[in-house]
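Chain by chain, the residues run as shown.
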Amino acid sequence: MQVAIYGDLIIIDTGNGRNRDNKPLFHQLNTPYAANLAQAGVDPAEVTLVLMTHIHTDHVGWNTHQRDGEWLPMFPNARYICSARELAHCQQNPAAQELYRDSILPLIGSGQLETINVQDSPLFAGVLRYLSTPGHSVDHASIVLESAGESAIFAGDVMHNAIQFQYPYWNSLFCEDKALAVTSRQRVVDWCAQHQAIWFSTHFNGSACGRVTRDGQWIPLEN
C-alpha cells in the first residue's frame, strides 16, 4: 500500500514476490508488483519510506528485487523500518532464513534498514505512528494515520477475514501466539470504533477498506 505525505512517498508492506519451497501457498508466485507500481505512477527511486508491520514472507516480498542474480533493494533511496524484536526473531528462526537472505539482508548490506522499538509508538512523516498489536507475529504492529482530524489504521495481519469482526476469537493458522492475537484484535476494533477510523486491510476479499461500528460490524467502503 502506498501513501504520499508531506513530500514523502511511503510504502506500507511490500507483499509477495518470492519462491518459498517451505511455504507452498507462497511458492513461485508471479505477482505484477513492479508493473502495478508503474501503473500507479510510482517510481521506486522516489519512494522515501517503507514501513513493515511484521516480517512474514507475504509482507516483505518486494522489499528487494533480483538483478543479474543479486538481490537488491527495490526502493534504492528509501529508509526501510521494522521492529528490532521482529528482526531478531527472523534472524534466529531456522524456517525464515530464506526470507532473511533475499528480503532483509540486502537492506542491511545497503545500510537502508532501520529498527525501532514498536512499544515507543515512533512517528514517521509527522502523521504515521506504530501501534503495538502482537500475536500474529512476535512483535506485529499496526500503523495509525492521523491527519486533519481524521484517522485511519493499516492493520497488517490483525485480521485476515472480515468475519473476524463478528468472531474476534477466531485466528488464522499463521498466528504465532493465538491468545495474544485475540487481545490485539479486540484492541484495534475498539480503537477503530472509538476514533471512527478507516480500516485498511491486507487480506480481506472485496473491499480492502471500511469502517467498524462499536458493536463490531464491518462496513466496507469502495476502493
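It should be emphasised that the depicted structure is a prediction, and the values quoted were computed from it without experimental measurement. (Residues numbered from 1 in each chain as written. Predicted model: local features only at pLDDT ≥ 70, side-chain atom pairs only at ≥ 80, totals over all residues. Heavy atoms only, no water.)

Trainee: Could you clarify how one ought to interpret the packing of helix 3 (residues 84–92) against helix 4 (residues 97–109) in this entry?
Mentor: Between two packed helices, both the angle of their axes relative to each other and the distance between the axes serve to describe the pair. Remark: helix 3 packs on helix 4, axes separated minimally by 9 Å, with the N-to-C direction vectors making an angle of 130 degrees. In terms of axis orientation, helix 3 runs oblique to helix 4. Viewed along their axes, helix 3 and helix 4 form a crossing whose handedness is left-handed. Here helix 3 contributes Leu87, Cys90, Gln91 and Gln92 to the contact with helix 4, which in turn contributes Gln97, Leu99, Tyr100, Ile104 and Ile108. Taken together, the residues of the contact of helix 3 with helix 4 sort by class into 6 nonpolar, 3 polar and no charged. (Axes fitted to C-alpha atoms, helices over the stretch in contact; angles between N-to-C directions. Helix = DSSP H or I, 4+ residues; strand = E, 2+ residues; numbered from the N terminus. Parallel < 35°, antiparallel > 145°, perpendicular 65-115°, else oblique. Left-handed = near helix turned anticlockwise from the far one by under 90°. Contact = heavy atoms within 4.5 Å. Nonpolar A, V, L, I, M, F, W, Y, C, P; charged D, E, K, R; others polar.)

Trainee: How should empty space enclosed by the protein be read in this particular structure?
Mentor: Where empty space is left in the structure can be found by rolling a water-sized probe over the atoms. Counted according to the given criterion, the structure contains 1 cavity of 30 Å³ or more. The computed volume of the largest cavity comes to approximately 30 Å³. Lining the largest cavity, in full, are Thr133, His136, His140, Asp157, Val158, Ala181, Ser184 and Arg185. Among the residues making up the lining of the largest cavity, the classes are represented as 2 nonpolar, 4 polar and 2 charged. (1 Å grid on protein atoms, 1.4 Å probe; cavity = no way out; pocket = protein on both sides within 12 Å on 5 of 7 lines; lining within 4 Å. Points joined across faces, edges and corners; volume = space filled by probe spheres on them.)

Trainee: I tried to follow the packing of aromatic side chains on my own but got confused; where do I start?
Mentor: Aromatic ring pairs are reported here in terms of the distance separating the ring centres and the angle at which the planes meet. Within this structure, the stated rule accounts for 10 aromatic pairs. Here the aromatic rings of Phe165 and Phe204 are separated by 6.0 Å at their centres, their planes lie at 85 degrees, and the arrangement is edge-to-face. Remark: Phe204 occurs in the loop between strand 12 (198–200) and strand 13 (209–212) and Phe165 occurs in the loop between strand 11 (150–154) and helix 5 (178–195); sequence separation between them is 39 residues. The exposure class assigned to Phe165 is buried, which follows from its relative accessible area of 6%. Note on Phe165 and Trp218: the rings are 5.1 Å apart at their centroids and 10 degrees apart in plane angle, and the pair reads as stacked. Linking Phe165 in the loop between strand 11 and helix 5 with Trp218 in strand 14 (residues 218–221), this pair joins segments that are 53 residues apart in sequence. Taking relative accessible area as the criterion, Trp218 reaches 17% and is therefore assigned buried. (Phe/Tyr/Trp six-rings, centres within 6.5 Å; stacked < 30°, edge-to-face > 60°. Buried < 20%, exposed > 50% of the residue type's maximum accessible area, 1.4 Å probe, protein only.)

Trainee: Is there a simple way to think about helix 3 in this case?
Mentor: Each α-helix winds once per 3.6 residues, and so residues spaced three or four apart point in a common direction. Taken together, the buried positions of helix 3 are Glu86, Leu87 and Cys90. The buried residues of helix 3 all sit within an arc of 100 degrees when viewed along its axis, so they share a single face. Exposed residues pointing more than 90 degrees away from the buried face of helix 3 are listed as Arg85 and Gln92. Lining the buried residues of helix 3 we find strand 6 (79–83), helix 4 and strand 7 (113–116). For helix 3, the N-terminal cap is Ser83; the gap from its side-chain oxygen to the backbone nitrogen of Arg85 is 3.1 Å. (Arc of directions from axis to C-beta. Polar contact = N/O pair within 3.5 Å; in protein donor to acceptor, adjacent residues only side chain to side chain.)

Trainee: Is there a simple way to explain the sheet that holds strand 8 (residues 123–124) in this structure?
Mentor: Strands in a sheet are paired, the pairing made by backbone hydrogen bonds, and the direction either parallel or antiparallel. The mixed open sheet is built from 7 strands, whose spatial order is 8-9-10-11-12-13-14. Each end of this open sheet is capped by a strand with a single partner; those strands are strand 8 and strand 14. Two strands pair when backbone bridges link them, and strand 9 (residues 128–132) and strand 10 (residues 141–147) are joined in this way by 5 bridges, in the antiparallel orientation. Bridge assignment links Leu131 to a residue of strand 10, and that residue is Ser142. Of the strands in this sheet, strand 9, strand 10, strand 11, strand 12 and strand 13 touch helix 5, which is tilted by about 160 degrees from strand 11. (Pairing = 2+ DSSP bridges.)

Trainee: Can you walk me through helix 5 in this structure?
Mentor: With 18 residues, helix 5 ought to run about 26 Å at 1.5 Å a step, and its terminal C-alpha atoms sit 26 Å apart, in line with that. Here helix 5 has its buried residues at Ala181, Ser184, Arg185, Val188, Val189, Trp191, Cys192 and Ala193. At its buried positions, helix 5 is contacted by strand 9, strand 10, strand 11, strand 12 and strand 13. (Expected span 1.5 Å × (residues − 1).)

Trainee: Sorry if this is basic, but what is going on with the nonpolar core here?
Mentor: Note that soluble globular proteins tend to have their nonpolar side chains buried in a common cluster. In terms of nonpolar packing, the biggest core is built from 24 residues, with Val47, Met52, Ile55, Phe75, Tyr80, Ile104 and Leu113 touching the most fellow members. Secondary-structure elements contributing two or more residues to this core are strand 2 (8–12), helix 1 (33–39), strand 6, helix 3 and helix 4. No other element matches the 4 residues that helix 4 contributes to this core. When residues no more than four places from it in sequence are discounted, the contact partners of Tyr80 are Val50, Met52, Asn63, Pro73, Met74, Phe75, Leu107, Gln112, Leu113 and Glu114. (Core = buried A, V, L, I, M, F, W, Y, C linked by side-chain atoms within 4.5 Å.)

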